[in-house]
Amino acid sequence: QVQLVESGGGSVQAGGSLRLSCAASGRTFSWYAMGWFRQAPGKAREFVSTISGSGTRTLYADSVKGRFTISRDNAKSTVFLQLNSLKAEDTAVYYCATGRGIATTSNGYDYWGQGTQVTVSS
């Protein structure tokens, strides 16, 4: 059974940083792409970033490009999302997901974590 467990969320002031982690188990981690999505209150879930199984290819939403960095440690079956220069509009629940290839839509992923809250105060 595939499980994804996010951690690292919290409350920060605008301009601050957080590092989210997502630990995976249940299948060969390096074979699968990993993605991060987020959902703000009253809004649809939106794509944030994705990384290929090897870690050689990444994609970012325009809204986070240059501020967020995705990475992975296949030896530890963990994917990370470094959040810098945070803005109030980054406030959301952040979810990690795993799928067969990098994708920018939710239907490209078959397993999801429970989410971790990020709150940015201005």
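Here the residue index of a chain counts from 1 through its sequence in written order. Side-chain atom pairs in this predicted model are given and counted only at pLDDT of 80 or more, local residue features only at pLDDT of at least 70, and totals for whole chains, interfaces and linings cover all residues. Water and hydrogen atoms were dropped before computing side-chain values, which therefore reflect all heavy atoms in the structure.

Student: Run through the sheet that holds strand β8 (residues 78–83), naming residues and quoting values.
Tutor: In this description, strands pair whenever DSSP reports at least two bridges between them. By the criteria applied, helices consist of DSSP H or I runs no shorter than four residues and strands consist of E runs no shorter than two, each listed in order from the N terminus. Taken together, the four strands give an open sheet; going across it, the order is β1-β3-β8-β7, and neighbouring strands pair in antiparallel fashion. Two strands in the sheet have a free side with no partner beyond their single neighbour: β1 (3–7) and β7 (68–73). Here the strands of the sheet are splayed against their neighbours by 15° on average, with no regard to which way each runs. Taken together, the five bridges between β1 and strand β3 (residues 18–25) define a ladder with antiparallel strand orientation. All axes are obtained by fitting lines to C-alpha atoms, using only the stretch in contact for helices, and the reported angles, taken between N-to-C directions, cover 0 to 180 degrees.

Student: Please provide a residue-by-residue account of the state of the cysteines, values included.
Tutor: The term disulfide is used for any two cysteine sulfur atoms that are within 2.5 Å. Scanning the model with the defined rule gives one disulfide in all. The disulfide bridge from C22 ends at C96, spanning 1.9 Å between sulfur atoms. Between C22 and C96, the disulfide has an S-S torsion of 50° and is therefore right-handed. Remark: C96 occurs in strand β9 (residues 92–99) and C22 occurs in strand β3; sequence separation between them is 74 residues. When its relative accessible area of 0% is taken as the criterion, C22 is described as buried. Three exposure classes are used, based on accessible area relative to the maximum for each residue type with a 1.4 Å probe and protein chains only: buried under 20%, partly exposed in between, and exposed over 50%.

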